[in-house]
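So you can see what is in the structure, the chains are spelled out below.
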Amino acid sequence: MREFGYQRADDVSGAVALLAADPDARFLGGGTNLVDLMKTGVERPARLVDVRELPLDGIEPTADGGLRVGATVTNSDLAAHPEVRRRYPALAQAVLAGASGQLRNMATVGGNLLQRTRCGYFTDVSKPCNKRVPGSGCPAITGEHHNHAILGASDHCVAVHPSDMGVALTAFDAAVTYETADGPGESPLADFYLPVGDTPDRETALPPGALITGITLPPTPVAARSRYRKVRERASYAFAIGSVAAALDIEDGVVRDARLAFGAVASRPWRARAAERVLIGRPAGGDTFAAAADAELAAARPLPDNGYKVTLMRNLAVAVLTELAEEAAR
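Trainee: Sorry, what's going on with the overall build of the chain here?
Mentor: In terms of helices and strands, the chain carries 13 helices and 12 strands. Taken over the C-alpha trace, the chain has a radius of gyration of 20 Å; the compact-globule value for 330 residues is 20 Å, and the two agree within 12%. Its C-alpha atoms give the chain principal-axis dimensions of roughly 60 × 50 × 35 Å. Among the 330 residues that make up the chain, the fraction classed as buried is 52%. For the chain, the proportion of contacts with a sequence separation of at least 24, taken over those separated by at least 6, is 63%. For the chain, the exposed area adds up to about 14400 Å²; of that, 51% sits on carbon and sulfur atoms.

The structure is reproduced here in structure tokens:
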């Protein structure tokens, strides 16, 4: 590990100023991903600016009836918050599906959004990787890729984003707030993660040196009846091979509103808008749910060893939507 300096920030503007003064510095929250990457040599910051003690650890209602979640709120506190559990249950379920209890106690909301892919070629500095070293190649395309992308990938990168929390936030139209040297800014989560294209090293639209200060969840009544389901290769402490965040509003057997997002299938949490368009206004049943999943997955471009994800995601989406419809009919 490269030797590094450490400094604790006293306030948000001070944290931003510290990073502006040292472009080779990184913000440190819980450190559950960054420190691991420093150990392997993927990340080599000259200085860590500790933001954990900044006053960004609250969860509070917004004036329009949504929720604002501070960037240093721990994953455990987010999942346990009564308003999150009541109004956005899929978000609480997604957070609880990620990592272990000890890691959730340390990991922060802001850090969760910025965690890096767990692709083995990215985390191994002895291997080429366009995300780590632009222009070096993507060996996953012809190598080990069974848990890689089937949607939105490119010839330059087929890695997937690992966040569970991000999938639910994407389904509920969350926005990321941040602070820069020029003042505050905001980005819808749908625009926050950049398409992989030919620049997989550029993962987010966050301006250079910006500090994430929180997440805003808009008032979304449909989210109150929502669910997150994750499929993984072992029962606990594993990243998804496929996941779904879904919400349905059903009246007289017809879908009035729907939210659907997929995880572990693309370089970013994948909002299933084609599926949502099929769902809304149609009978809430198996045929509609299957048609919605098929509409979204029509764009899938699997590699030789991850084609199973197309079937997995179709079955998973149909199963979760069916459970929500049965729950609404009780």
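On we go from here.
Trainee: Can you walk me through the packing of aromatic side chains in this structure?
Mentor: As enumerated under the stated definition, the model contains 2 aromatic pairs in all. Measuring from ring centre to ring centre gives 5.8 Å for Tyr-88 and Phe-172, while their planes differ by 50°; the resulting arrangement is tilted. Taken together, the residues span a long stretch of sequence, with Tyr-88 in the loop between helix H4 (82–87) and helix H5 (89–96) and Phe-172 in the loop between helix H9 (165–171) and strand E6 (175–180) at a distance of 84 residues. The exposure class of Tyr-88 is buried, given its relative accessible area of 1%. Ring centres 5.1 Å apart and planes at 80° place the aromatic pair Phe-192 and Tyr-193 in the edge-to-face group.

Trainee: Explanation requested: empty space enclosed by the protein in the structure shown.
Mentor: Applying the stated rule across the entire model yields 2 cavities of 30 Å³ or more. There is about 80 Å³ of room inside the largest cavity. In terms of lining, the largest cavity is formed by 15 residues, of which the most central are Cys-119, Cys-129, Cys-138, Cys-157 and Ala-159. Tallied by class, residues from the lining of the largest cavity come to 10 nonpolar, 4 polar and 1 charged. Approximately 30 Å³ is the volume found for the second largest cavity. Surrounding the second largest cavity, His-161, Ser-163, Val-167, Phe-262, Gly-263, Ala-264, Val-265, Ala-266, Arg-268 and Pro-269 form its lining.

Trainee: Hey, could you run me through the pattern of salt bridges in this one?
Mentor: As a working rule, side chains carrying opposite charge can pair if their charged atoms are close by. Overall, the coordinates contain 21 salt bridges when judged by the stated rule. Put simply, Glu-203 and Lys-131 hold a salt bridge, and the shortest N to O gap is 3.2 Å. Of the two residues, Glu-203 sits in the loop between helix H10 (189–192) and strand E8 (211–217) while Lys-131 sits in the loop between helix H8 (120–123) and H9, which places them 72 residues apart along the sequence. Classification of Lys-131 by relative accessible area gives buried; the value is 10%. In this structure, Glu-327 engages Arg-225 in a salt bridge whose closest nitrogen and oxygen atoms are separated by 3.4 Å. Of this pair, Glu-327 sits in helix H13 (residues 308–329) while Arg-225 sits in the loop between E8 and strand E9 (226–232), and the two are 102 residues apart along the sequence.

Trainee: Before we go on, may I ask you to explain the nonpolar core in this structure?
Mentor: One recurring pattern in soluble globular proteins is that nonpolar side chains are buried together. Counting 52 residues, the largest nonpolar core has Leu-78, Leu-91, Leu-113, Met-165, Leu-169 and Phe-172 as its most contacted members. Those residues in contact with Leu-91 that lie beyond four places of it in its chain are Leu-78, Val-84, Met-165, Ala-168, Leu-169, Phe-172 and Leu-217. By size, the runner-up hydrophobic cluster in this structure holds 32 residues, among which are Trp-270, Ala-300, Val-318 and Ala-325.

Trainee: Explanation requested: helix H1 (residues 12–21) in the structure shown.
Mentor: The periodicity of an α-helix, 3.6 residues per turn, causes residues three or four places apart in sequence to face the same way. For H1, the set of buried residues is Val-12, Ala-15, Val-16 and Leu-19. Mapping the buried residues of H1 onto a view down its axis gives an arc of 95°, with all of them on the same face. In H1, those exposed residues whose orientation departs by more than 90 degrees from the buried face are Ser-13 and Ala-21. Looking at the buried residues of H1, the elements they touch are strand E2 (25–28), strand E3 (47–50), E6 and E8.

Trainee: Sorry if this is basic, but what is going on with the sheet that holds strand E5 (residues 67–70) here?
Mentor: Strand order in the open sheet formed by 5 strands is E4-E5-E8-E6-E7, and the pairing between neighbours is antiparallel. The open sheet is flanked by strand E4 (59–61) and strand E7 (183–188), the only strands paired with a single partner. Taken over all neighbouring pairs, the strand axes of this sheet differ in orientation by 25° on average, direction set aside. Pairing of E4 with E5, which is carried by 3 bridges, proceeds in the antiparallel orientation. Across the sheet, residue Pro-61 finds its bridge partner in E5, namely Leu-67. Packing of H1 onto the sheet brings it into contact with E6 and E8, and relative to E8 it is tilted by some 130°.

Trainee: Please explain the side chain of Asn-75 as it appears in this structure.
Mentor: Residue position: Asn-75 is located in helix H3 (residues 75–80). The class for Asn-75 is buried, based on a relative accessible area of 6%. If we skip the residues at most four places from it in the chain, Asn-75 touches Val-95, Arg-104, Ala-107, Thr-108, Val-109 and Asn-112.

Trainee: Is there a simple way to think about the sheet that holds E2 in this case?
Mentor: Sheet strands pair via backbone hydrogen bonds, and the direction of the pair is either parallel or antiparallel. Pairing within the open sheet is parallel, and its 3 strands lie in the order E1-E3-E2. At either end of the open sheet lies a strand with only one pairing partner, and these are strand E1 (5–8) and E2. Mean inter-strand twist for the sheet, computed between neighbouring axes without regard to direction, equals 25°. Summarising the sheet, E1 and E3 pair through 4 bridges and their orientation is parallel. In the strand pairing of E3, Arg-8 is matched with Asp-50. Strand contacts of H1: E1, E2 and E3, with the helix running at about 155° to E2, the strand carrying the most contacts.

What counts and what doesn't
- Residues numbered from 1 in each chain as written.
- Predicted model: local features only at pLDDT ≥ 70, side-chain atom pairs only at ≥ 80, totals over all residues.
- Heavy atoms only, no water.
- Helix = DSSP H or I, 4+ residues; strand = E, 2+ residues; numbered from the N terminus.
- Rg over C-alpha atoms; globule rule 2.2 N^0.38 Å.
- Buried < 20%, exposed > 50% of the residue type's maximum accessible area, 1.4 Å probe, protein only.
- Contact = heavy atoms within 4.5 Å.
- Areas by Shrake-Rupley, 256 points an atom, 1.4 Å probe, with all protein chains shown as cover.
- Phe/Tyr/Trp six-rings, centres within 6.5 Å; stacked < 30°, edge-to-face > 60°.
- 1 Å grid on protein atoms, 1.4 Å probe; cavity = no way out; pocket = protein on both sides within 12 Å on 5 of 7 lines; lining within 4 Å.
- Points joined across faces, edges and corners; volume = space filled by probe spheres on them.
- Nonpolar A, V, L, I, M, F, W, Y, C, P; charged D, E, K, R; others polar.
- Salt bridge = Lys/Arg side-chain N within 4 Å of Asp/Glu carboxyl O.
- Core = buried A, V, L, I, M, F, W, Y, C linked by side-chain atoms within 4.5 Å.
- Arc of directions from axis to C-beta.
- Pairing = 2+ DSSP bridges.
- Axes fitted to C-alpha atoms, helices over the stretch in contact; angles between N-to-C directions.

The values are spatial; any link to function lies outside them.
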